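# Geometric and topological summary
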Amino acid sequence: MSEPNFLPALVGSMSQGAAGNPTVAMIEAAFAHHGLHWRYINMEVSPKDLSAAILGARAMGFRGFNCSLPHKVTVISHLDGLGESAAAMGAVNCVVRRGDQLIGENTDGKGFLRSLQALEDPRGKSVVLFGAGGAARAIAVELALAGTRKITVVNRSKERGEELTFLLRETLQIDASLVVWNGDYDLPEDTDIVINGTSIGLYAPEARLALNTDSLRAGMVVADVIFNPVRTRLLSDAASRGCRPLDGLGMLVSQGIIGVQYWTGIEPDAAVMRAALEAAMGI
Ligand code: NDP
């Protein structure tokens with residue numbers, strides 16, 4: 001069959017310094033697998049050009065785009081509306097054209113939630129979350145919206161930790177408290193789910209999270225946002241104590257799946273996307 005002669009539907013990624021972004025391979029693998037005449041392209045956009053780039057995307061009929069640092073917050077003023085969790089966390093990483101409007105969503109936390117739900121429903125659960133940066137904030141908001149009972153944020157900087165617990169308590173009305181991280185942390189006995197939402201361990205297989213591993217109990221879900229290496233030291237320690245490990249690659253793939261769902265309306269094949277991502281990352 002000959003190729004259709006109309007232009008492909010376009011989505012893409014607006015970021016800075018994103019050359020070689022493995023997400024491109026993952027999303028395009030989904031399009032190819034499902035026979036969609038779509039393209040996902042990387043666009044290097046500097047902060048001063050963001051407004052013009054979004055006007056260009058509108059003019060060219062882009063069906064949406066991802067955006068990463070440094071655009072996740074500044075993009076909001078150029079959009080027509082926000083999804084619930086993007087509004088709560090004040091950050092957008094996925095823009096979706098709905099009718100003639102560009103709506104900002106955040107798939108960071110949704111990707112984590114989707115990956116977690118394959119192992120455990122967080123509703124009614126008690127969570128310990130290390131970190132209070134962008135990834136931890138996105139995860140915490142989705143966990144709160146999914147009915148988590150309690151979130152203990154453990155963070156090095158008090159100020160960032162307080163910003164997150166304030167958001168969780170005041171905006172999302174969830175039981176949230178902050179522990180300023182100082183030395184090895186002992187997990188409370190009622191902990192069901194432990195999450196490393198910090199950058200500790202990225203490209204550093206031996207990096208150690210300051211956590212008393214004796215407080216890890218069999219059956220707990222222990223998740224890491226770090227996707228390279230896939231098996232972090234935290235996940236290895238957790239597995240050796242009978243916990244259920246959840247790696248960051250699943251979160252990354254799930255984000256891609258949700259983006260493709262938002263843009264195209266189809267449910268893409270997760271295995272195809274994970275394989276393409278692993279190949280692009282050389283895992
Ligand atoms: P940020 O810079 O916004 O936040 C980093 C967090 O890590 C902060 O809480 C910071 O604490 C903490 N931190 C960093 N170094 C240390 C340290 N030595 N000791 C204690 N705390 C530390 O980063 P992001 O939240 O955007 O990203 C975090 C990680 O998540 C990255 O590695 C990123 O690659 C990964 N990620 C994975 C995704 C996936 O799909 N798997 C998606 C998005 C991100 P403090 O506040 O005190 O500075």
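Residues numbered from 1 in each chain as written. Predicted model: local features only at pLDDT ≥ 70, side-chain atom pairs only at ≥ 80, totals over all residues. Heavy atoms only, no water.

## Quick look at the overall build of the protein
Broken down by element type, the protein carries nine helices and 12 strands. Against the globule reference of 19 Å for 283 residues, the protein gives a C-alpha radius of gyration of 19 Å, in line with a compact fold. In the protein, buried positions account for 48% of the 283 residues. Long-range contacts, defined here as pairs at least 24 residues apart, represent 68% of the contacts in the protein between residues at least 6 apart. Surface summary for the protein: the accessible area is close to 12,700 Å², and the carbon and sulfur share equals 51%. Averaging the locations of the 25 positively and 30 negatively charged side chains of the protein gives two centres separated by 1 Å. (Helix = DSSP H or I, 4+ residues; strand = E, 2+ residues; numbered from the N terminus. Rg over C-alpha atoms; globule rule 2.2 N^0.38 Å. Buried < 20%, exposed > 50% of the residue type's maximum accessible area, 1.4 Å probe, protein only. Contact = heavy atoms within 4.5 Å. Areas by Shrake-Rupley, 256 points an atom, 1.4 Å probe, with all protein chains shown as cover. Lys, Arg positive; Asp, Glu negative; His and termini not counted. Charge placed at Lys NZ, Arg CZ, Asp CG, Glu CD.)

## A word on the nonpolar core
The biggest cluster of nonpolar side chains holds 33 residues, and the ones touching the most others in it are Leu143, Ile151, Leu168 and Ile195. When contributions to this core are tallied by element, the ones reaching two or more residues are helix H3 (84-89), helix H4 (107-117), strand E7 (126-130), helix H5 (134-145), strand E8 (150-155), helix H6 (158-171), strand E10 (193-196) and strand E11 (221-224). Ranked by residue count, the leading element in this core is H5, at seven residues. Summarising the domain contributions, this core has at least three residues from each of domain 1 (9-105 + 251-281) and domain 2 (110-246). (Core = buried A, V, L, I, M, F, W, Y, C linked by side-chain atoms within 4.5 Å. Domains from an automatic or database assignment.)

## Some thoughts on the sheet that holds strand E6 (residues 101-105)
Overall, mixed pairing links the six strands, which are arranged E2-E1-E3-E5-E6-E4 in an open sheet. With one partner strand each, in any of the chains shown, strand E2 (38-44) and strand E4 (81-82) form the two edges of the open sheet. Across three bridges, the pairing between strand E3 (residues 64-67) and strand E5 (residues 94-98) is antiparallel. Looking across to E5, one finds that Asn66 is bridged to Cys94. Its contacts with the sheet place helix H1 (residues 22-33) against strand E1 (9-15) and E2, and it is angled at close to 165 degrees to E2. (Pairing = 2+ DSSP bridges. Axes fitted to C-alpha atoms, helices over the stretch in contact; angles between N-to-C directions.)

## Some points on the pattern of salt bridges
For the coordinates displayed, the defined rule picks out 15 salt bridges. Note that Arg39 and Glu28 form a salt bridge whose closest N and O atoms lie 2.8 Å from each other. Of this pair, Arg39 sits in strand E2 while Glu28 sits in helix H1; the two residues are 11 residues apart in sequence, bridging distant segments of the chain. Take Arg39: its relative accessible area is 38%, and that puts it in the partly exposed class. Glu28 sits in the partly exposed class, given a relative accessible area of 21%. When the shortest N-O distance is used, the salt bridge between Asp80 and Arg58 registers 3.0 Å. (Salt bridge = Lys/Arg side-chain N within 4 Å of Asp/Glu carboxyl O.)

## Overview of the site of the ligand
Among the 23 residues in the neighbourhood of the ligand, the closest are listed as Ala135, Asn155, Ser157, Val225 and Gly248. A distance of 2.9 Å separates an oxygen atom of the ligand from a polar atom in the backbone of Ala132. Coverage of the ligand by the protein amounts to 76% of the 930 Å² it exposes when considered alone. The set of elements that each furnish at least two residues to the shell around the ligand consists of H5 and helix H8 (248-264). A total of four residues in the shell around the ligand trace back to one element, the largest contributor, which is H8. Of the residues that constitute the shell around the ligand, the class distribution is 10 nonpolar, 10 polar and three charged. Formed jointly, the shell around the ligand draws a minimum of three residues from each of two domains, domain 1 (9-105 + 251-281) and domain 2 (110-246). (Near = heavy atom within 4 Å. Polar contact = N/O pair within 3.5 Å; in protein donor to acceptor, adjacent residues only side chain to side chain. Nonpolar A, V, L, I, M, F, W, Y, C, P; charged D, E, K, R; others polar.)

## A look at the domain arrangement of the protein
Segmenting the protein into domains produces domain 1 (9-105 + 251-281) and domain 2 (110-246). With centres defined by C-alpha atoms, the gap from domain 1 to domain 2 works out at 26 Å. At the junction of the two partners, domain 1 supplies 16 residues and domain 2 supplies 17 residues. Between domain 1 and domain 2 we count one salt bridge in total. Arg114 is the salt-bridge partner of Glu267, the closest N and O atoms lying 3.2 Å from each other. One can count four residue pairs in polar contact (both at pLDDT 80 or more) joining domain 1 with domain 2. Listed by contribution, the elements that provide at least two residues to the side of domain 1 that touches domain 2 are H3, H8 and helix H9 (270-281). In terms of residue class, the side of domain 1 that touches domain 2 is made up of eight nonpolar, four polar and four charged.

## Description of the pairing of E3
Burial along E3 is two-sided: the face carrying Gly64 and Asn66 and the face carrying Phe65 and Cys67 are both buried. Note that E1 and E3 share two bridges and pair parallel. Bridging across to E3, Ser13 finds its partner in Asn66.

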